[in-house]
Amino acid sequence: MTLLRDHDLARAFDHASHTYDCLTALNPGHRSDLLRSARRLRLPEGGAGLHVLDLGCGTGASTRALLRAAPRARITGVDASSGMLRRALAKPWPARVRFLHLTAEEVTAAGEGPFDAVFAAYLLRNVTDPDRVLEAVRTLLRPGGRLAVHDYSLSGSAVHRALWTAVCRGMIIPAGTLSGDRALYRHLWRSVLAFDTAPSFMDRLRRRGFTGVRAVPVAGWQTGIVHTFLARKDAGATAESPR
């Protein structure tokens, strides 16, 4: 199966947006894991005076996690899917939260930032060029800025790879088929298999100039399947000089 990319993927998310929250709610750890990852940014003083980018915000579940983890921060959520953004905008938000219809690559060109932290949940696995997006993130971050990536990234174990396929074939793809979005959820299955393992993604972050890189597996059945990746932009580095 060919993976969905760019406009095709955005259109698939547009179509799936009306059932997306219901389907993700079937995963008992979805929202709690996002909150744990957002809290791992360890933003001081509840984020007071800080500007945080929610990159690939979808329907706003990751934005809500950031708001709970840093209730005093200013948050900008961006997503390439207009349908997902409409769902996010339909929810109640404080004035310090805003949403923009932009791809990850367009955020820099739009003159947004700099940001004190970036949270990217379920995004990097879906983009055509992860290195280009990470370079954009590094440009958008202030020196010393923090990055948290929350995504499906297999441990490298054959057991975890087999478990992921079993869950997709037994639950995720059938549920997506019932909602009329089989192509998107088959993409989810295949995209995880094709994406970096957790060690490989850590190496990718280091090659793109991030420091203090580490990975934390989530709890429950997704252990070894979903990880939180934490990193920083070196306080003395510039966007043009990756280390």
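My aim in this report is to walk through the structure given alongside it, one point at a time. Counting restarts for each chain, with residues numbered from 1 along the sequence as it is written. Only residues with pLDDT of at least 70 get local features here, since the model is predicted, and only at 80 or more are side-chain atom pairs given and counted; chain-wide, interface and lining totals rely on the full set of residues. Only heavy atoms go into the side-chain values, all of them from the structure, while hydrogens and water stay out.

## Things to note about the overall build of the protein chain
- A helix here means a DSSP run of H or I that spans at least four residues, while a strand means a run of E at least two residues long, and both kinds are numbered starting from the N terminus. Helix and strand content of the protein chain: nine helices and seven strands.
- A globule of 243 residues ought to have a C-alpha radius of gyration of about 18 Å, and the protein chain, at 17 Å, matches this closely.
- If one aligns the C-alpha atoms of the protein chain with their principal axes, the spans along those axes are about 50 × 40 × 30 Å.
- We call two residues contacting when some pair of their heavy atoms lies within 4.5 Å. Here the analysis covers contacts within the protein chain between residues at least 6 apart in sequence; of these, 72% occur between residues at least 24 apart.
- When the accessible area of the protein chain is evaluated, it comes to approximately 10,800 Å², of which 54% is carbon and sulfur surface. Note that the radius of gyration is over C-alpha atoms, with the globule rule given as 2.2 Å times the number of residues to the power 0.38. Each accessible area value is a Shrake-Rupley result obtained with a 1.4 Å probe; residue values ignore everything except the protein chains displayed when judging cover.

## A closer look at the packing of helix 2 (residues 30-39) against helix 3 (residues 61-69)
- Angles run from 0 to 180 degrees between N-to-C directions of axes, and those axes are lines fitted to C-alpha atoms, restricted for helices to the stretch in contact. Helix 3 packs onto helix 2 with a crossing angle of 50° between their chain directions and a minimal axis gap of 8 Å. Classed by the angle they form, the pair helix 2 and helix 3 counts as oblique. In this structure, helix 2 meets helix 3 at a crossing whose hand is right-handed. Where helix 2 abuts helix 3, its residues His30, Leu34, Leu35, Ala38 and Arg39 lie against Ala61, Ser62, Ala65, Leu66, Arg68 and Ala69.
- In the scheme used here, Gly and all other residues not listed as nonpolar or charged are polar, with Ala, Val, Leu, Ile, Met, Phe, Trp, Tyr, Cys and Pro taken as nonpolar and Asp, Glu, Lys and Arg as charged. When the residues that make up the contact of helix 2 with helix 3 are grouped by side-chain class, the tally is seven nonpolar, two polar and two charged. Roughly parallel refers to an angle under 35 degrees, roughly antiparallel to one over 145, roughly perpendicular to one between 65 and 115, and oblique to any angle outside these ranges. The handedness criterion is simple: a crossing whose near helix is rotated anticlockwise from the far helix by less than a right angle is left-handed, and one whose near helix is rotated clockwise is right-handed.

## A word on the pairing of strand 2 (residues 74-79)
- Only protein chains enter the accessibility calculation, which uses a 1.4 Å probe; a residue is then buried when its area is under 20% of its type maximum, exposed when over 50%, and partly exposed in between. Counting buried positions along strand 2 gives five out of six residues, so the element sits mostly inside the fold.
- Note: two strands are recorded as paired if DSSP finds a minimum of 2 bridges between them. In this sheet, strand 2 lies alongside strand 1 (residues 51-55) in parallel orientation, the contact comprising five bridges. Bridge pairing in strand 2 links Leu55 to Val78.
- Crossover connection from strand 1 via helix 3 to parallel strand 2: handedness right-handed.
- For strand 2 and strand 3 (residues 97-101), the ladder comprises five bridges, and the chain directions are parallel. When the bridges of strand 3 are listed, Ile75 appears paired with Val97.
- In this region the chain leaves strand 2, passes through helix 4 (residues 82-89) and returns to the parallel neighbour strand 3; the handedness of that crossover is right-handed. Seen with its strands pointing away from the viewer, a crossover is right-handed if its path from the first strand over the helix to the second goes clockwise.

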